[in-house]
Amino acid sequence: MEQGENIIEIEDLNFAYPHEKKLFNSLSFSLKKGQRVGLTGHNGSGKTTFFHLIMGLIKPLSGDIKIFGKSRKDEKDFYEVREKISLLFQDPDDQLFCPTVEEDIAFGPLNIGMSHDGARAIVKMTCEKLNLTGYEKKITLRLSGGEKRLVSLAAVIAMNPVCYLLDEPTAGLDNGATERFLRYLKDYADTYIIVTHDRELLKNAVDMVYKIDDCKIIRV
């Protein structure tokens, strides 16, 4: 894709969970390749839900979700999306389900058809980028919260996505791990949305900030 091309285009989207008030009302938003965006909003405003709609994990009541120039409605429409856009879940335990660190990192590349040798090379390179070398054989369940967060990031990075959706990516990370993460974004990622309440992270990692407010997304 060329810089400036639309990756995500959302028009007139409406969504509500069953038996709850409407969360999004005629929401519109677009993300172009090369944009680094922060997304804020009060707890319960729908930030995580917004990511899940983009990935096709839940369906809107109405409206158009267009990704890479194509409207996405059915499950099969999102196969390509999930190969090219990586979602970092807010809770690492929702992302990590393999016995060891290397298996969690390799899962995505293997799932899209990469050879075992290729996946091993990706694991090695990704661990080096996030200073996780030596963690490959560790049992994921025995890691600390911060370590699980870094492994989750590694699993996302391993897919080499066109775009990242990062839900509270530095929660639980110490200063050193946060610096490694920011360095990775600066050196290797050019298009992403970060959901965070961390003003310092927004200052250092994004070019523009949006807020979910009153069922819509507005630039702030």
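Structure report, in brief. It should be emphasised that the depicted structure is a prediction, and the values quoted were computed from it without experimental measurement.

This part covers the sheet that holds strand β5 (residues 70–71). Read from one edge of the open sheet, 4 strands run β2-β1-β4-β5, paired in antiparallel fashion. In this open sheet, the two edge strands, each paired with only one partner strand, are β2 (24–32) and β5. Bridge analysis of strand β1 (residues 6–15) against strand β4 (residues 62–67) gives 5 bridges, and the strand direction is antiparallel. Paired with glutamate 9 across the bridge in β4 is lysine 66. Strands β1, β2 and β4 of the sheet are contacted by helix α1 (residues 47–54), whose axis makes an angle of about 115° with β1.

Let us now look at the packing of aromatic side chains. Tallying each qualifying case throughout the model produces 7 aromatic pairs. Both rings, one in tyrosine 164 and one in tyrosine 184, keep their centres 6.3 Å apart while their planes meet at 80°; by these two values the pair is edge-to-face. Taken together, the residues span a long stretch of sequence, with tyrosine 164 in strand β7 (residues 163–167) and tyrosine 184 in helix α6 (residues 175–188) at a distance of 20 residues. Note on accessibility: tyrosine 164 and tyrosine 184 belong to one class, buried. Aromatic ring contacts, followed pair by pair, group Phe24, Phe29, Phe50 and Tyr210 into a single cluster. Directly above the ring of phenylalanine 68 sits lysine 84, whose terminal nitrogen or CZ lies 5.4 Å from the centroid. We note lysine 129 situated over the ring of tyrosine 188; from NZ or CZ to the ring centre the distance is 4.0 Å.

This part is about the pattern of salt bridges. Under the defined criterion, the tally for this structure stands at 9 salt bridges. Among the ionic pairs, glutamate 80 bridges to arginine 72, the shortest N-O distance being 2.7 Å. A residue is classified by how much of its surface remains accessible, and glutamate 80, at 24% relative accessible area, is partly exposed. Relative accessible area serves as the criterion here: at 7%, arginine 72 is assigned to the buried category. The structure contains a network of salt bridges with shared partners spanning Arg72, Glu80 and Lys84.

Across its 14 residues, helix α4 (residues 116–129) extends 20 Å between first and last C-alpha, which sits within 8% of the 20 Å expected from 1.5 Å per residue. Inspection of α4 places Ala119, Ile122, Val123, Thr126 and Cys127 among the buried residues, and these make up the whole buried set. When α4 is viewed along its axis, its buried side chains cluster within an angular range of 125° and face the same direction. Those residues of α4 that are exposed and aimed more than 90 degrees away from the buried face are Asp117, Arg120 and Lys124. Taken from the residues just after α4, asparagine 131 is the one with a positive phi, measuring 60°.

Time to look at the environment of arginine 149. By the secondary structure assignment, arginine 149 is in helix α5 (residues 145–157). Taking the relative accessible area as the measure of exposure, arginine 149 reaches 3% and is therefore buried. Taking C-alpha positions, arginine 149 is 20 Å from threonine 40, a pair spaced 109 residues apart along the chain. Once residues within four sequence positions are removed from consideration, arginine 149 is found in contact with Leu88, Phe89, Gln90, Asp91, Pro92, Asp167, Glu168, Pro169, Ala171 and Leu173. Of the polar contacts made by the side chain of arginine 149, one reaches the backbone oxygen of glutamine 90; its length is 2.4 Å.

The rules behind each value
- Residues numbered from 1 in each chain as written.
- Predicted model: local features only at pLDDT ≥ 70, side-chain atom pairs only at ≥ 80, totals over all residues.
- Heavy atoms only, no water.
- Pairing = 2+ DSSP bridges.
- Helix = DSSP H or I, 4+ residues; strand = E, 2+ residues; numbered from the N terminus.
- Contact = heavy atoms within 4.5 Å.
- Axes fitted to C-alpha atoms, helices over the stretch in contact; angles between N-to-C directions.
- Phe/Tyr/Trp six-rings, centres within 6.5 Å; stacked < 30°, edge-to-face > 60°.
- Buried < 20%, exposed > 50% of the residue type's maximum accessible area, 1.4 Å probe, protein only.
- Lys NZ or Arg CZ within 6 Å of the ring centre and 35° of its normal.
- Salt bridge = Lys/Arg side-chain N within 4 Å of Asp/Glu carboxyl O.
- Expected span 1.5 Å × (residues − 1).
- Arc of directions from axis to C-beta.
- Polar contact = N/O pair within 3.5 Å; in protein donor to acceptor, adjacent residues only side chain to side chain.

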